[in-house]
Amino acid sequence: MTIAVSLATRAGTAFAAYREGDTGRLAELVDLLSPILWRAARAQHVCAADAEEVVQVAWLRLLDHADDIVEPAAVLTWLIVTVKREAWRRSGRATHEVSTDLHDAVMPETTPGPEHQAVLTERQRVLWHHVQRLSPTCRHLLCVIAFAERPDYDSVARALGRPVGSIGPTRGRCLAKLRNALATDPEWCAEP
Amino acid sequence: MIVNDDDALDLADEALLADLRELAEAADPMPAGLPENVKFALAVRMLQAEAAAITHDAALAIRTAGPSTTASIAFSGRTVELLVSASDEPDGRLRIDGWVTPTQVVIEAHAGAVGPSIDRAVPVARVQADDLGRFVLSSLPERRLMFVVRFADPHQAPTITPVVEF
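Parameters at a glance
Residues numbered from 1 in each chain as written. Chains lettered and ligands numbered in written order. Predicted model: local features only at pLDDT ≥ 70, side-chain atom pairs only at ≥ 80, totals over all residues. Heavy atoms only, no water. Salt bridge = Lys/Arg side-chain N within 4 Å of Asp/Glu carboxyl O. Helix = DSSP H or I, 4+ residues; strand = E, 2+ residues; numbered from the N terminus. Buried < 20%, exposed > 50% of the residue type's maximum accessible area, 1.4 Å probe, protein only. Phe/Tyr/Trp six-rings, centres within 6.5 Å; stacked < 30°, edge-to-face > 60°. Contact = heavy atoms within 4.5 Å. Buried area = accessible area lost by both parts, 1.4 Å probe. Nonpolar A, V, L, I, M, F, W, Y, C, P; charged D, E, K, R; others polar. pLDDT = per-residue confidence, 0-100. Expected span 1.5 Å × (residues − 1).

Our focus in this paragraph is the pattern of salt bridges. For the coordinates displayed, the defined rule picks out 24 salt bridges over all chains. In this structure, the salt-bridge partner of B:Glu36 is B:Lys39, at a minimum N-O distance of 3.8 Å. In this pair, B:Glu36 and B:Lys39 are both assigned in helix 2 (residues 34-47), three residues apart and thus about one turn of the helix distant. By relative accessible area, B:Glu36 is classed as partly exposed at 23%. Residue B:Lys39 is classed as buried on the basis of its relative accessible area, which comes to 6%. Note that B:Glu165 and B:Arg144 form a salt bridge whose closest N and O atoms lie 3.8 Å from each other. Here B:Glu165 is found in strand 11 (residues 164-165), whereas its partner B:Arg144 is found in strand 9 (residues 144-150), with 21 residues between them in sequence. Taking relative accessible area as the criterion, B:Glu165 reaches 27% and is therefore assigned partly exposed. Owing to a relative accessible area of 26%, B:Arg144 belongs among the partly exposed residues under this scheme. Taken together, the salt bridges that share partners define one network made up of A:Asp31, B:Glu36, B:Lys39, B:Arg144 and B:Glu165.

Written out as C-alpha cells, the structure reads:
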C-alpha cells in the first residue's frame, strides 16, 4: 500500500513558506485545509451557517497566532482545536466539557436535508443508514478523519478530543462496527 | 472481520473511509464559496483594509458565497461607494466602466482570488478616477476580478471588494 503524504506535512510546508514571507502560500493552505475544518466544525453540532463562520474565525486567529506554532506541521491540529473551541464557545458550552463525550448524548443529530438526500446514490443511502446507527463519537470521528490521510489519523483524533490512550482502538472499533454492520446488510456491496 | 487495533487498518478500511468522505461531501457539502470567503477575510485583515460588500448586482441576486456572474455591480464600504459595469470589447477582452466616491482615488483590478497575497500582488489594471469619480479599465485579460480602492493618503486604509466574475 502506498502511504499518502500526510495532510499535516503538506500544510506544514505551505505554512512554513507563508511565515517566511511567501504570503500567497496562505491561500494554498486555505484550499487544502478548509474541507476538513468544515467537517470538524459540523462534528461539533453547529449549523451550516455557523460552521462557515467558525472556520473563518479560526483562519483569522491563525494570522494573530502564526508565530506561536512551534512546529509548522502542527498547523493542522492547531486549526482543528481552534475550530472546536470556537464552535463550543458559540454553542455556549464550557470548554472543559469539550474533552468529555457528554455532548454526544445531549445534542441533536445532524442529518442531511431532503435536498441532499436526493443526490445520494442507493449505495450511499445504505452507508448513511449504518453510519447514523453508530455512536455519535464514532460517527464524528470517522467523518472527520475521512478527510485526512492515514498518517494524520492519530493527531486529528487527538485534536478532536479523543482520550490519548484510546485513540487507536477507538478508531479501530468505530471502523470495525461499521464494517460489521455493512457485512450483515445484504443491500451493501463492498465495491461500487 | 474484526479490527483490533491501529495496525489492523487495512485497504478495506481505507476504501470505507473514502466512501465516507464521498458520502459526507454529498450529504452535507461544504459551501462552495467558503475558501474564497476565507481568503477575502484574510486579505482584508492583512491589508488592514476596509471590506466592501456587494449591495446590488444586475441580476438582483446577492450571492454571499463564491463569485457572481453579472454585468453591473455596486459595492459599498465604510468610506467607499463603487459601481462597476462590464462590457465586452471587440476582441473579447473586458472593459469596466466605473464610478466611485470619494473621487480621484486609485482603482486597481486584481485577477481572481488574489487573497492573502494581495499586499504584494501586481494588479492587472490600475487607474485614477477623475474629479467626478469616473474611471475606465480597458482590455482586461481576466473576467474574475477583485477591486482595491487606494487613497492618496497612504495612511488611509484601502478598501477591497470580494471577487466577482463578469
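Residue and element names in this part refer to chain B. Counted under the stated rule, the structure contains three aromatic pairs over all chains. Ring centres 6.4 Å apart and planes at 70° place the aromatic pair Phe147 and Phe166 in the edge-to-face group. Note that Phe147 is positioned in strand 9 and Phe166 in the segment after strand 11, a separation of 19 residues in sequence. For the pair shown, Phe147 and Phe166 are each scored as buried. Counting every residue linked through ring pairs, the aromatic cluster contains Phe75, Phe147 and Phe166.

Taken together, the contact pairs 47 residues of chain A with 38 residues of chain B. Carbon and sulfur atoms make up 65% of the area that chain A and chain B hide from each other, which totals about 4,200 Å². At the boundary of chain A with chain B, the tally comes to six salt bridges. Secondary structure elements with two or more residues in the side of chain A that touches chain B: helix 2 (25-42), helix 3 (48-65), helix 7 (122-132), helix 8 (136-145), helix 9 (153-159) and helix 10 (167-183) of chain A. Looking at the side of chain A that touches chain B, its residues break down into 27 nonpolar, 10 polar and 10 charged.

Inspection of the secondary structure puts A:Gln124 in helix 7. Of the residues examined, A:Gln124 reaches a relative accessible area of 11% and is grouped as buried. Ignoring anything within four residues of it in the chain, the contact list for A:Gln124 reads A:Val119, B:Glu22, B:Leu23 and B:Ala26.

This part is about the confidence of the model for chain B. All names here are of chain B. A residue-level look at chain B finds 82% of positions with pLDDT of 70 or above and a mean pLDDT of 82. Confidence scores differ between elements of chain B, with strand 2 (residues 53-57) showing the lowest mean pLDDT of 78 and strand 7 (residues 125-128) the highest of 95. Note that residues 1-7 has pLDDT below 50 and, in this model, 12 contacts with residues that lie over four places away or in other chains. Low confidence marks residues 59-70, where pLDDT is under 50. Its contacts with residues over four positions away, or in another chain, come to 24 contacts. Two summary scores accompany this predicted model of the complex, namely pTM at 0.74 and ipTM at 0.83.

For the rest of this paragraph, the subject is helix 1 (residues 7-19) of chain A. With 13 residues, helix 1 of chain A should reach 18 Å at 1.5 Å per residue; the first-to-last C-alpha distance of 18 Å fits that figure. Among the residues of helix 1 of chain A, A:Leu7, A:Ala8, A:Ala11, A:Gly12, A:Ala14, A:Phe15, A:Ala16, A:Ala17 and A:Tyr18 are the ones counted as buried. Against helix 2, helix 3 and helix 4 (75-90) of chain A together with helix 2 of chain B lie the buried residues of helix 1 of chain A.

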